[in-house]
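Residue-level structural notes
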Amino acid sequence: MPALNTLNLLANPLQCSCRLRWLSEWLKQSNIVTGNPRCQAPLSLKDIPIQDVDKKDFRCDGLYTLFVTVDTFFNFMLEN
């Protein structure tokens, strides 16, 4: 996307699982202003900028997927 110069991801509750590894790598390689998006989950990555997360830390397993689903649901319900 050569014409893209801004992509504001700051307010998004990013679930930094294996499914989001590509975004971290893409952001590292691009010259795009993003607002410094941070991981919301898992707890071990909470508040870490997605560009600073190591590839090996973007994990997916059954328990993590369950945690993210339940945690996201309850956070949504509490906020609304």
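Residues numbered from 1 in each chain as written. Predicted model: local features only at pLDDT ≥ 70, side-chain atom pairs only at ≥ 80, totals over all residues. Heavy atoms only, no water.

Relative to the helices and strands, Cys16 resides in the loop between strand E1 (14–15) and helix H1 (21–29). Taking the C-alpha atoms as reference, Cys16 lies 8.8 Å from Arg38; in sequence the two are 22 residues apart. (Helix = DSSP H or I, 4+ residues; strand = E, 2+ residues; numbered from the N terminus.)

This paragraph deals with the state of the cysteines. This model, assessed by the stated rule, comprises 2 disulfides. Residue pairing for Cys16: its cysteine sulfur links by disulfide to Cys39, the two sulfurs lying 2.0 Å apart. One disulfide, between Cys16 and Cys39, carries an S-S torsion of -95° and so falls in the left-handed class. Of the two residues, Cys16 is situated in the loop between E1 and H1 and Cys39 in strand E2 (residues 39–41); the sequence distance between them amounts to 23 residues. Across the pair, exposure class does not vary: Cys16 and Cys39 are buried alike. Here the cysteine-cysteine linkages of the protein are recorded as 1-3, 2-4, numbering only bonded cysteines and doing so in sequence order. (Disulfide = S-S within 2.5 Å. Buried < 20%, exposed > 50% of the residue type's maximum accessible area, 1.4 Å probe, protein only.)

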